[in-house]
Amino acid sequence: MTQKLGRHGIPVRTARNAALAALAADLPSPILADVTGMHRHTALRWVAYARRDWAEYLAARAEDEANKRKKRGTDESR
């Protein structure tokens, strides 16, 4: 099935990973392992990935955007 979809330009791995991340965000790792048939350690890693705290990343992006706006304001006043 993967090969057939790939021939039509459908990225199977990307869709699979997105689906697993969505499941991992909603299910505890033992249930995820049972439902998908993956090893419990693999399920635990997916759950940890899906529930990762992105606050630090978002704060860094916000700071970067603020610096860009500040720089643009300084450049325009010259």
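That block above? That's the structure.
Residues numbered from 1 in each chain as written. Predicted model: local features only at pLDDT ≥ 70, side-chain atom pairs only at ≥ 80, totals over all residues. Heavy atoms only, no water.

**Topic: the overall build of the protein**
- Each helix and strand in the protein was counted, giving five helices and zero strands.
- For the protein, the α and β elements follow one another from N to C terminus as α-α-α-α-α.
- For the protein, whose C-alpha radius of gyration is 20 Å, the value lies well above the compact-globule estimate of 12 Å for 78 residues.
- The principal-axis extents of the C-alpha atoms in the protein amount to approximately 60 × 35 × 15 Å.
- Every one of the 78 residues in the protein was classed for burial, and the buried ones make up 13%.
- A total of about 6600 Å² of accessible surface is found on the protein, and carbon and sulfur atoms cover 56% of it.
- Side chains of the protein give 15 positive and 9 negative charges; the mean places of these two sets differ by 9 Å. (Helix = DSSP H or I, 4+ residues; strand = E, 2+ residues; numbered from the N terminus. Rg over C-alpha atoms; globule rule 2.2 N^0.38 Å. Buried < 20%, exposed > 50% of the residue type's maximum accessible area, 1.4 Å probe, protein only. Areas by Shrake-Rupley, 256 points an atom, 1.4 Å probe, with all protein chains shown as cover. Lys, Arg positive; Asp, Glu negative; His and termini not counted. Charge placed at Lys NZ, Arg CZ, Asp CG, Glu CD.)

**As for the nonpolar core**
- Within the largest apolar cluster, nine residues are counted, these being L20, A21, A24, L32, A33, M38, A43, W46 and V47.
- Once you skip the residues sitting within four places of it in the chain, A43 turns out to touch S29, L32, A33 and M38. (Core = buried A, V, L, I, M, F, W, Y, C linked by side-chain atoms within 4.5 Å. Contact = heavy atoms within 4.5 Å.)

**Examining the packing of helix α2 (residues 12-26) against helix α4 (residues 40-50)**
- At their nearest, the axes of α2 and α4 sit 8 Å apart, and the two run at 85° to each other. It follows from the interaxial angle that α2 and α4 lie roughly perpendicular. Together, R16, N17, L20, A21, A24 and A25 of α2 and W46, V47, Y49 and A50 of α4 make up the contact between the two elements.
- Residue classes in the contact of α2 with α4 are distributed as eight nonpolar, one polar and one charged. (Axes fitted to C-alpha atoms, helices over the stretch in contact; angles between N-to-C directions. Parallel < 35°, antiparallel > 145°, perpendicular 65-115°, else oblique. Nonpolar A, V, L, I, M, F, W, Y, C, P; charged D, E, K, R; others polar.)

**Some words on helix α3 (residues 29-36)**
- Within α3, burial applies to S29, L32 and A33. Down the axis, α3 shows its buried residues gathered within 100° of arc, on one side only. α3 presents P30, D34 and V35 as exposed residues on the side facing more than 90 degrees away from its buried surface.
- Residues of α3 that are buried in the fold lie against α2 and α4.
- Of the residues trailing α3, G37 is marked for its positive phi of about 80°. (Arc of directions from axis to C-beta.)

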